[in-house]
Amino acid sequence: MIGRKSLFGPLDPAADAGYTDAPKRKGFFTDTSVCIGCKACEVACKEWNDVPENAFEMLGTSYDNSHSLNANQWRHVAFIERPASKPAVDLGMPSVGAPVSDVDEDDKPDFQWLMSSDVCKHCTHAACLDVCPTGSLFRSEFGTVVVQDDICNGCGYCVAACPYGVIDRRRGPEGDPKVGIAQKCTLCYDRLTDGQRPACAAACPTESIQYGDVEELRERANARVELLHERGVMDARLYGNDPEDGVGGTGAMFLLLDEPEVYGLPPDPVVTTKDLPRMFTRAGMAGTALLIGAALSFVRRRP
Amino acid sequence: MSEPTGGRGSGAEVQHGGSPGRSRGSSRGGDRVMVPEADFTSYYGRPIVKAAPWERDIAYYLFTGGVAAGSSLLAGGADLTDRPGLRRAGRIGSLVALLLSVVALVHDLGKPSRFLNMLRVVKLTSPMSVGTWILSLHAPFAGLASAAELVGMLPARWQRGPVRLLLRLGRPAGLVGAVTAPPLAAYTAVLLSDTATPAWHSAYEELPFVFCGSAAAASGGWAMATAPVAEAGPARAFAVGGAAVELLMAHRMESSMGLSAETLHTGKAGTLIRASKVLTAAGAAGALLGGRSRLLSVVSGTALMAGSLCTRLGVYEAGLASANDPKYTVVPQRERVERGEQVRYQG
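Structural notes, computed from the coordinates. Throughout, residues of each chain are indexed from 1 in the direction in which the sequence is written. Ligands are numbered from 1 and chains lettered from A, in the order in which they are written. Local features are withheld for residues below a pLDDT of 70 in this predicted model, meaning they are given only at 70 or higher, and side-chain atom pairs are given and counted only at 80 or more; totals for whole chains, interfaces and linings count all residues. Hydrogens and water are ignored here; the side-chain numbers use all heavy atoms of the structure.

Let's talk about the packing of helix H9 (residues 207–226) of chain B against helix H10 (residues 233–256) of chain B
Residues and elements named next belong to chain B.
- To obtain each axis, a line is fitted to C-alpha atoms, and for helices this fit is confined to the stretch in contact; angles are then taken between N-to-C directions over 0 to 180 degrees. Here a helix means four or more residues in a row that DSSP labels H or I, a strand means two or more in a row labelled E, and each is numbered from the N terminus. The contact between H9 and H10 brings their axes to 7 Å, and the two run at 150°. Relative to H10, H9 is oriented roughly antiparallel. H9 and H10 meet at a crossing whose hand is left-handed. Contacts between H9 and H10 involve Leu207, Phe209, Val210, Gly213, Ser214, Ala216, Ala217, Ser219, Gly220, Gly221, Ala223 and Met224 from the first element and Ala235, Arg236, Phe238, Ala239, Gly242, Ala243, Val245, Glu246, Met249, Ala250 and Met253 from the second. When describing relative orientation, an angle under 35 degrees is termed roughly parallel and one over 145 degrees roughly antiparallel, while 65 to 115 degrees is termed roughly perpendicular and anything else oblique. The hand of a helix crossing depends on one turn: near helix anticlockwise from the far one by less than a right angle means left-handed, and clockwise means right-handed. By the convention used here, residues are in contact when the closest approach between their heavy atoms is within 4.5 Å.

This is the structure we're talking about:
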């Protein structure tokens, strides 16, 4: 279906893709303020989706050795080491009462952790889906974006098109049948059709990863940000929740405790197809100029 | 009770920022640009967007596609204005370039069936799908015209039966090939621009003109080098015009791209772009002054082709460099946010 907002603007992606009677749009709310960096989500995702391991690399950057989101890493936990904010703020983590501490305030560690489990954003306007030349990527009835690896060509266009750097072409391990094929989070499409939660959300021990209807998650996220602001965590902010932003809002939103780029997220991502009509217009003008130029080259006397 | 923590300020102290490989090119000594390091935050300096996982095949395809398109146009014009030598050069140039294009594409995809897989859908939001269809419309006709040209070179006694039919189809096929050539030259610019790669996306206004100009310069250069000089007048005009458009629009592009224009001046891309400008300008000057000199035609034609190749490779490399350094993703977006111009849907 083609509408005024098909390339940019807020819309219901499943309905735009032609589904009638589609279920409510599903997504993630990742509350990084309660993420403890346990990587249960990374492991659960690999286990359920049969995602092979990455080549083991010691990167020497903090405790993050799973590198980035890529074809073999559909969930990625970022570890950000930074100066401590003093005094420490109670983020409302469940506890059995504060432990007695005899450590002087000045002797406490001078750094703190930010941890965040990143995932495919399942954009309302998904550049990867728009540019796929084979129709391998499709919009599911849940409003998510899924790759059909039996149709994917491995052309890699989606890789360059994603403004978040999520999707990638699988490079290894050798012998894996899906090497050379674009891979990313499916929001556990197979579990959703069976009425189950995605594996990462099911495995998360702190409810940092919450799964549900996007609308409801957005309300929950707003309430959580308000709560944190009341407690004095003024850096708490939502990311990806705005349906009028550059990608029409995302299916996966995040509560962050610092600027997005600190977590390796783009501060103001825009779906490239927003400018596509203009690009084709300019190409049309250039092509016409080329045709006229060629014709003019022959307007001169005979040889 | 607790003070708000300073968002941006505290992030900057940790020094997560910095661009990997900023020291590259410092060995060049002379032309090191002394701009202050961009102040920005990133996650351990890792890229945000992913670079296109393409081999250099795609950069070569950008070049051969341009030569194929321009040659078809020249062949069509030569056919209509009765310049058999120029027509032959154009048609053979288009055939060679098309064959190399298909080889490059199939090599990048891995196997020929994957090209056919692209024909299962027509998708206007995918420049690669649109381009596949443009190529599928152009190539058979341009190929048919080239086949007619080759058959025409056979001894007269072989030119009978179906072969004669092929000869007759040469002109109409060649004209369809000429009309479908400009989209082939132009779409590759959209192909690159419709990505999150900073240097490619920010160039989308001018890149089609750069690529079309480059296609005219390269194909004009090919015809200058291979067609009889007496007939090559239009090829020289086409090449000079193309070179002028390419140089002018490349200049405009560099000033409108913003921060990512830097990638066109540094590293491997910088070398290629500088070479492309020198070669294109020298080739155009040779075409203007050399006129009907055989030697000068060959030299300046070759220079024009080399210049076009360097343009394509340079733009390709600049894109990869801009994707691999988070600076080019973060800084322009952060500046936009701080100006209060965050991209929003305007009703």
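Some thoughts on the pairing of strand S2 (residues 75–83) of chain A
Residue and element names in this part refer to chain A.
- Burial classification: accessible surface area is computed with a 1.4 Å probe over protein chains only, and a residue below 20% of its type maximum counts as buried, one above 50% as exposed, and the rest as partly exposed. Burial analysis of S2 places 7 of its 9 residues in the buried class, the great majority of the element.
- Paired strands are those between which DSSP finds at least two bridges. Inspection of the sheet shows S2 paired to strand S3 (residues 111–119) by 9 bridges, in the antiparallel sense. When the sheet's bridge partners are listed, Arg75 is paired in S3 with Val119.

Some details on the environment of Ser208(A)
Residue and element names in this part refer to chain A.
- By the secondary structure assignment, Ser208 is in the loop between helix H6 (199–203) and strand S8 (209–213).
- Taking the C-alpha atoms as reference, Ser208 lies 36 Å from Pro133; in sequence the two are 75 residues apart.
- When near neighbours in sequence (up to four residues on either side) are disregarded, Ser208 contacts Phe29, Thr30, Asp31, Thr32, Val34 and Cys35.

Focus: the side chain of Thr32(A)
Residue and element names in this part refer to chain A.
- Assignment of secondary structure puts Thr32 in the loop between strand S1 (26–31) and helix H2 (40–49).
- You can call Thr32 buried: its relative accessible area is 4%.
- Throughout this description, a polar contact denotes any pair of N or O atoms lying within 3.5 Å of each other; where both atoms belong to protein, one of them has to be capable of donating a hydrogen while the other can accept it, and for residues adjacent in sequence the pair is counted only when both atoms sit in side chains. At 2.5 Å, the side chain of Thr32 forms a polar contact with the backbone oxygen of Leu255.
- With residues near it in sequence (within four places) discarded, Thr32 still touches Met115, Ser116, Ser208, Leu255, Leu256, Leu257 and Tyr263.

Let's talk about the interface of chain B and chain A
- Counting residues at the interface gives 83 residues for chain B and 91 residues for chain A.
- Defined here as a combined quantity, buried area equals the accessible surface (1.4 Å probe) lost by two parts on assembly, summed across both. Three residues stand out in chain B for area buried against chain A, namely Tyr43(B), Lys50(B) and Tyr345(B), and they jointly supply 12% of the buried area on that side.
- Note that Arg334(B) is salt-bridged to Glu259(A), the shortest N-O span being 2.7 Å.
- There are 33 residue pairs in polar contact (both at pLDDT 80 or more) connecting chain B and chain A.
- Only Asp, Glu, Lys and Arg are considered charged, only Ala, Val, Leu, Ile, Met, Phe, Trp, Tyr, Cys and Pro nonpolar, and every remaining residue, Gly among them, polar. Residues of the side of chain B that touches chain A, tallied by class, amount to 42 nonpolar, 24 polar and 17 charged. The term salt bridge refers to a pairing of a side-chain nitrogen on Lys or Arg with a carboxyl oxygen on Asp or Glu at a separation within 4 Å.

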